[in-house]
Amino acid sequence: MALDEEAVEKLVKAGEIAARTRELGARLVREGSRASEVCSRLEEYIVENGARPAFPCNFSVNHVAAHYTPGVSDDVVVKEGDIVKVDVGVSIDGFIADTAVTVDVGGSHEGLVRASEEALDAVVRLMRPRIRIYEIGKAIEPVVKRRGFRVIRNLAGHTIGRYTIHAGTSIPNYPERKSFYARIEPGTVVAIEPFATNGRGYVVEGGPVNIYAYTGKKPRIPLNELETEILEHVREEYRTLPFTPRWLARRWRPEEVVEALKSLASKGVLHAYPVLVESGRGLVSQAEHTFVVLKDRVIATTCPECGQ
Ligand code: MN
Ligand code: MN
């Protein structure tokens, strides 16, 4: 992605809003809070600040590592002792910031939370133009291990494109041989997200799908009237960014929406994001920042206090 001055400005602005949204999220998560209320509030906050959610607010509790967002009816209520990952994305004209924080409700998982935070801090200190991807993983994994935990090997940081949350290159949370020579070139936006766990260090798919994104592909099978209508709306409102049935249930009947989205996914028009859970039912922590890599410097957009 070529990054002109205007693009960088929008990326920085999106990062500032994302950072404030993340902090609001951290304050709202406590014993008894509802995922649906926290997520709606955070998504509203993003809009109030003149931006759009880049994806539905993710609210992943305990062994759920990622990609849970409240459905149209299901809800999660936070309990004492839970460990909650709040992951938010902000888009300004498709220029995206992606950031996450882990809340330790009850204070019994401090080491686990610190593991992912310290790993991310290590990357903040290391980040520079043309850094090797291998070097990032090599900085993350030992920090997590030193705390007595494992990184999740099949969850990774990622490059970000315009209106594209995963632009194709993964940034593993361990030193991966395959990425030994690959570098992060100027003009790249990248999210780094260490995940730490006391489980096996792998996630598997589980739980209901509440996040979808338009694939940009033509349907394999003809669409019915409602599907056509919903798809048109989705393309216009979200383009290729992820969205959730919750957002569409304001406009159509919730059951209709859920059914239509499933069908659109089966016809290849939508990509479905399944919930990812730790395979050993281990607890999971996550920390995440977005970085804009330029020729002469790197901006941690979701960490205004990090400096440049
Ligand atoms: Mn994220
Ligand atoms: Mn991410």
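Preceding this section is the structure that the text describes.
Not measured: the values here are computed from a predicted model. (Residues numbered from 1 in each chain as written. Chains lettered and ligands numbered in written order. Predicted model: local features only at pLDDT ≥ 70, side-chain atom pairs only at ≥ 80, totals over all residues. Heavy atoms only, no water.)

Novice: Account for the coordination of the manganese ion (ligand 1), with residues named and values stated.
Specialist: Protein-derived coordination of the manganese ion (ligand 1) comes from Asp87 (OD), Asp87 (OD), Asp98 (OD) and Glu288 (OE), at a distance range of 2.1 to 2.3 Å. One chain supplies every donor for the manganese ion (ligand 1), spaced along it as D-x10-D-x189-E. Taken as a pair, the manganese ion (ligand 1) and the manganese ion (ligand 2) lie 3.2 Å from each other and share Asp98 as a ligand. Linking Asp87 in strand S3 (residues 83-92) with Asp98 in strand S4 (residues 95-104), this pair joins segments that are eleven residues apart in sequence. (Donors = N, O, S within 2.8 Å, 3.2 Å for Na, K, Ca; no water. Helix = DSSP H or I, 4+ residues; strand = E, 2+ residues; numbered from the N terminus.)

Novice: So what's going on with the coordination of the manganese ion (ligand 2)? Residues and values would help.
Specialist: Every protein donor of the manganese ion (ligand 2) is listed here as Asp98 (OD), His158 (NE2), Glu193 (OE) and Glu288 (OE), and their distances to the metal cover 2.1 to 2.2 Å. For the manganese ion (ligand 2), the single-chain donor residues occur in sequence as D-x59-H-x34-E-x94-E.

Novice: An account of the environment of Gly137 is needed here, citing residue identities and associated values.
Specialist: By the element assignment, Gly137 lies in helix H4 (residues 133-146). Separated by 54 residues in sequence, Gly137 and Ile83 have C-alpha atoms that sit 24 Å apart. Setting aside its immediate chain neighbours within four residues, Gly137 contacts Pro142, Pro172, Asn173, Tyr174 and Pro175. (Contact = heavy atoms within 4.5 Å.)

Novice: Can you explain the state of the cysteines? Please cite residues and give values.
Specialist: A covalent bond between the sulfur atoms of two cysteines is referred to as a disulfide. One pass over the full model with this rule turns up two disulfides. Two residues share a disulfide in this structure: Cys39 and Cys57, whose sulfurs sit 2.2 Å from each other. Of note, the bridge from Cys39 to Cys57 carries an S-S torsion of about -55° and is left-handed in sense. With a gap of 18 residues between them, Cys39 in helix H2 (residues 35-48) and Cys57 in strand S1 (residues 52-61) connect regions that are remote in the sequence. The exposure classification of Cys39 matches that of Cys57, with both residues buried. (Disulfide = S-S within 2.5 Å. Buried < 20%, exposed > 50% of the residue type's maximum accessible area, 1.4 Å probe, protein only.)

Novice: Give a description of the pairing of S1 that names residues and reports values.
Specialist: Judged by how many residues are buried, S1 sits mostly within the fold: nine of ten residues are covered. Examined bridge by bridge, S1 and S3 share seven bridges and lie antiparallel to one another. Along S3, the bridge assignment pairs Ser60 with Lys85. (Pairing = 2+ DSSP bridges.)

Novice: Account for a negative patch on the surface, naming residues and giving values.
Specialist: Residues Glu225, Glu229, Glu232 and Glu236 make up a contiguous surface patch of negative charge. For Glu225, the position within the fold is in helix H5 (residues 225-238). Residue class for Glu225 comes out exposed when judged on its relative accessible area of 70%. (Patch = residues over 30% accessible without salt bridge, like charges linked within 9 Å, V, L, I, M, F, W, Y side chains within 5 Å. Areas by Shrake-Rupley, 256 points an atom, 1.4 Å probe, with all protein chains shown as cover. Salt bridge = Lys/Arg side-chain N within 4 Å of Asp/Glu carboxyl O. Lys, Arg positive; Asp, Glu negative; His and termini not counted. Charge placed at Lys NZ, Arg CZ, Asp CG, Glu CD.)

Novice: Lay out helix H3 (residues 110-126) with the relevant residues and their values.
Specialist: Look at H3: 24 Å from first C-alpha to last across 17 residues, which is about the 24 Å you get at 1.5 Å a residue. Taken together, the buried positions of H3 are Leu112, Val113, Ala115, Ser116, Ala119, Leu120, Ala122 and Val123. (Expected span 1.5 Å × (residues − 1).)

Novice: Help me get a handle on unusual backbone geometry, residues and values and all.
Specialist: The backbone of His67 sits at a positive phi, close to 70°, despite the residue not being glycine. Positionally, His67 belongs in the loop between strand S2 (64-66) and S3. In the Ramachandran plot, Asp93 falls in the positive-phi region, its phi being about 50° despite a non-glycine side chain. Mapped onto the elements of the fold, Asp93 is located in the loop between S3 and S4. By relative accessible area, which is 39% here, Asp93 ends up partly exposed.

Novice: Can you break down the environment of Ser40 residue by residue, with the values?
Specialist: Within the secondary structure, Ser40 sits in helix H2. Along the backbone, Ser40 and Pro56 are 16 residues apart, and their C-alpha atoms lie at a distance of 9.2 Å.

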